[in-house]
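Tertiary structure, described
Spelled out from the first residue to the last, the chains are:
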Amino acid sequence: MDRFKAPAVISQRKRQKGLYSPKLSCSYEIKFSNFVIFIMQRKMGMTRRMFLMELGRRKGFRVESELSDSVTHIVAENNSYLEVLDWLKGQAVGDSSRFELLDISWFTACMEAGRPVDAEMKYRLMEQYQSPPLNTPELEMPAFIATKVSQYSCQRKTTLNNYNKKFTEIIEEGESSRVKEVLNDERYKAFKQFTSVFGVGVKTSEKWYRLGLRTVEEVKADKTLKLSKMQKAGLLYYEDLVSCVSKAEADAVTSIVKNTVCTFLPDALVTITGGFRRGKNIGHDIDFLITNPGPREDDELLHKVIDLWKKQGLLLYCDMIESTFVKEQLPSRKVDAMDHFQKCFAILKLYQPRVDSSTCNTSEKLEMAEVKDWKAIRVDLVITPFEQYAYALLGWTGSRQFGRDLKRYAAHERKMILDNHALYDRSKRIFLKAGSEEEIFAHLGLDYVEPWERNA
Ligand code: DCT
Ligand code: MG
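Not measured: the values here are computed from a predicted model.

What counts, and at which threshold
Residues numbered from 1 in each chain as written. Chains lettered and ligands numbered in written order. Predicted model: local features only at pLDDT ≥ 70, side-chain atom pairs only at ≥ 80, totals over all residues. Heavy atoms only, no water. Helix = DSSP H or I, 4+ residues; strand = E, 2+ residues; numbered from the N terminus. Contact = heavy atoms within 4.5 Å. Areas by Shrake-Rupley, 256 points an atom, 1.4 Å probe, with all protein chains shown as cover. Expected span 1.5 Å × (residues − 1). Buried < 20%, exposed > 50% of the residue type's maximum accessible area, 1.4 Å probe, protein only. Arc of directions from axis to C-beta. Lys, Arg positive; Asp, Glu negative; His and termini not counted. Salt bridge = Lys/Arg side-chain N within 4 Å of Asp/Glu carboxyl O. Pairing = 2+ DSSP bridges. Phe/Tyr/Trp six-rings, centres within 6.5 Å; stacked < 30°, edge-to-face > 60°. Lys NZ or Arg CZ within 6 Å of the ring centre and 35° of its normal. Donors = N, O, S within 2.8 Å, 3.2 Å for Na, K, Ca; no water.

Let us now look at the overall build of the chain. Within the chain one finds 18 helices and 16 strands. The contacts of the chain with a sequence gap of at least 6 include a subset with a gap of at least 24, amounting to 68%. Entry remark: accessible area of the chain is about 24,500 Å², with carbon and sulfur atoms responsible for 51%.

As structure tokens, this is what we get:
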């Protein structure tokens, strides 16, 4: 850009000890030397700050590691104007008026434009602001982000079209050298492939990597490996399982699940949860909650469903887990603890609609008969007692981040413990009953967040 001084090159070695890997200590050309940016780490975290600094430098911005005299623009995330001023005071900065105090949305806009954008009012951190209505899309109101947005995603409404998408694009398109480096890393590539196999976690990936294996094809070809039943199924149906489940497939499986469950329990309530309930069009699996609103519980229901699918040749794999729930047990404080419901992690055979073969000749018909006309689909079925249904629904709808933040919010802000079974008030020492998700939000003193706004 010609309105800026002639490009200069500065070494970016002056970095805080331990914060930077030596590989990243390279020099970038400074295209916009009038702007000297400092990104505040407070509430942002070191990793994200490092990532953003690196990104800014790659784009030709001068981004300082320390709050030096030359800094002109301070960028903050999730900090109010007053919080930034407070922080500056702590840094012994007397006159803060010499800085432009800006929200992270300004920085994002610059990264997107590939040049500095005007520090319009909407990007500035200011003392006065009007609270936006909670349902205001975050992207359209960046001015309020720093002042209003809660650290808990359960106090925000995150639709699929959310603000973070912008950064995720940056990440996926590999705009950052650090991201590129990681994505190209041999070990990372191998682990990413291995952990995409159903039943394979970091431990198995590590083992395979140490054996010199690098791709799923190599794993498949190695007949000496000891595999669990789950991993065998994961490898056998690998291609189907890594290709995402579509909404149409989720609808087809929903019909199958509902029909089968209802042959045994006509009043049963079958609800699709997980990403599809949050409005996603694709997923890695399909999650269902099953409950019986009637007085009778049927512990055998899931076994009956599974047995019928076995007989029908629809069941490719099944891992049945019996209920471990103990009455009156306190909810689990662990964030990612598995719940105690009876459940089944299955792989179903979903037949695909066939092409009309009536106009085909005999050899074409023979050829078509050999083509695989089904797809393996991962399905989770969870059985819940009716009185725990609302809690199970909230937990299994996710997203994972939203669920974690709900638990965190309950614990830190309300002295309550929340899990997929119950909500316990530690001050009053009582369990809080809920017949709907709305009631749970009300118990927690939170505004209701619709399922499609829980895509944190
Ligand atoms: N969940 C839970 N307890 C578990 C597993 C999952 O409470 N033991 C919650 C977290 C999110 C939700 O259930 C669904 O889990 P996933 O299927 O893993 O996530 P998803 O959001 O449905 O994502 P995807 O589209 O990839 O299936
Ligand atoms: Mg899912």
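This part covers unusual backbone geometry. Across the chain, the bulk of peptide bonds are trans and the bulk of non-glycine residues have phi less than zero. Looking along the chain, the bond that leaves Gly398 and enters Ser399 is cis, with omega of -5°. The residue Ser399 is located in the loop between helix H16 (389–397) and helix H17 (400–414) in this model. Within the chain, Lys43 stands out as a residue other than glycine whose phi angle is a positive 65°. Inspection of the secondary structure assignment puts Lys43 in the loop between strand S3 (32–39) and helix H1 (46–58). Positioned with a positive phi, Glu328 is a non-glycine residue whose angle comes to about 70°.

The α-helix winds at 3.6 residues per turn, so residues separated by three or four positions along the chain end up facing the same way. Taking 1.5 Å of rise per residue, 12 residues should cover 16 Å, and helix H14 (residues 301–312) covers 17 Å from first to last C-alpha, within 8% of that figure. All of the buried residues along H14 are Leu301, Leu302, Val305, Ile306 and Trp309. All buried residues of H14 fall inside an arc of 130° around its axis, so they share one side. Along H14, the residues that are exposed and aim more than 90 degrees away from the buried face are Lys310 and Lys311. On its buried face, H14 sits against helix H12 (247–264), strand S10 (286–291), strand S11 (315–321), strand S12 (342–351) and strand S13 (374–383).

With that settled, consider H1. Helix length check: H1, at 13 residues, gives a terminal C-alpha distance of 18 Å against a target of 18 Å (1.5 Å per residue), a fit within 8%. Within H1 the residues assigned to the buried category are Arg49, Met50, Phe51, Leu52, Met53, Glu54, Leu55, Gly56 and Arg57. Directly after H1, the chain includes Gly60, whose backbone phi takes a positive value near 95°.

Within the secondary structure layout, Asp287 lies in strand S10. Buried within the structure, Asp287 lacks any salt-bridge partner; its nearest side chain of opposite charge belongs to Arg378, at an N-O separation of 6.0 Å. Those residues within four positions of Asp287 in sequence are excluded, and the remaining contacts are Thr271, Ile272, Thr273, Gly274, Gly275, Asp380 and Trp396.

Strand order in the open sheet formed by 3 strands is S14-S15-S16, and the pairing between neighbours is antiparallel. The sheet is open, and its two edges are formed by strand S14 (416–418) and strand S16 (430–431), each paired on a single side. Of the strand pairs in this sheet, S14 and strand S15 (residues 423–425) are connected by 3 bridges, and their pairing is antiparallel. When the sheet's bridge partners are listed, Leu418 is paired in S15 with Leu423.

The next thing to look at is the packing of aromatic side chains. Considering all chains together, one arrives at 12 aromatic pairs under this definition. A ring pair is formed by Phe32 and Phe61, whose centres lie 4.8 Å apart and whose planes are at 45°; its orientation type is tilted. Note that Phe32 is positioned in strand S3 and Phe61 in strand S4 (residues 61–64), a separation of 29 residues in sequence. With a relative accessible area of 1%, Phe32 lands in the buried category. By relative accessible area, Phe61 is classed as buried at 1%. Here Tyr237 and Trp374 contribute two aromatic rings whose centre-to-centre distance is 6.2 Å and whose plane-to-plane angle is 70°, an arrangement assigned as edge-to-face. With a gap of 137 residues between them, Tyr237 in the loop between helix H10 (229–236) and helix H11 (238–242) and Trp374 in strand S13 connect regions that are remote in the sequence. Across this residue pair, the class does not change: Tyr237 and Trp374 are buried. Among the aromatic residues, those joined into a cluster by ring pairs are Phe402, Phe441 and Tyr448. The ring of Tyr209 has Arg187 sitting right over it, with the charged end atom 5.6 Å from the ring centre. Over the face of the ring belonging to Trp374 we find Lys372, whose NZ or CZ atom lies 4.5 Å from the ring centre.

This next bit is on the coordination of the magnesium ion (ligand 2). Here the magnesium ion (ligand 2) is held by Asp285 (OD) and Asp287 (OD), and the distances to it run 2.0 to 2.2 Å. Pair check on accessibility: Asp285 and Asp287 agree, each one buried.

Attention now goes to the pattern of salt bridges. All chains considered together, the criterion is met by 22 salt bridges. With a shortest N-O distance of 3.3 Å, Asp336 and Arg404 are connected by a salt bridge. Of this pair, Asp336 sits in the loop between S11 and S12 while Arg404 is found in helix H17, placing the two residues 68 residues apart along the sequence. Assessed through its relative accessible area of 26%, Arg404 is described here as partly exposed. The residue Asp380 makes a salt bridge to Arg378 at a minimum N-O spacing of 2.8 Å. The pair formed by Asp380 and Arg378 is uniform in burial state, with each residue classed as buried. Several salt bridges converge on common partners, so that one network encompasses Arg42, Lys43 and Glu83.

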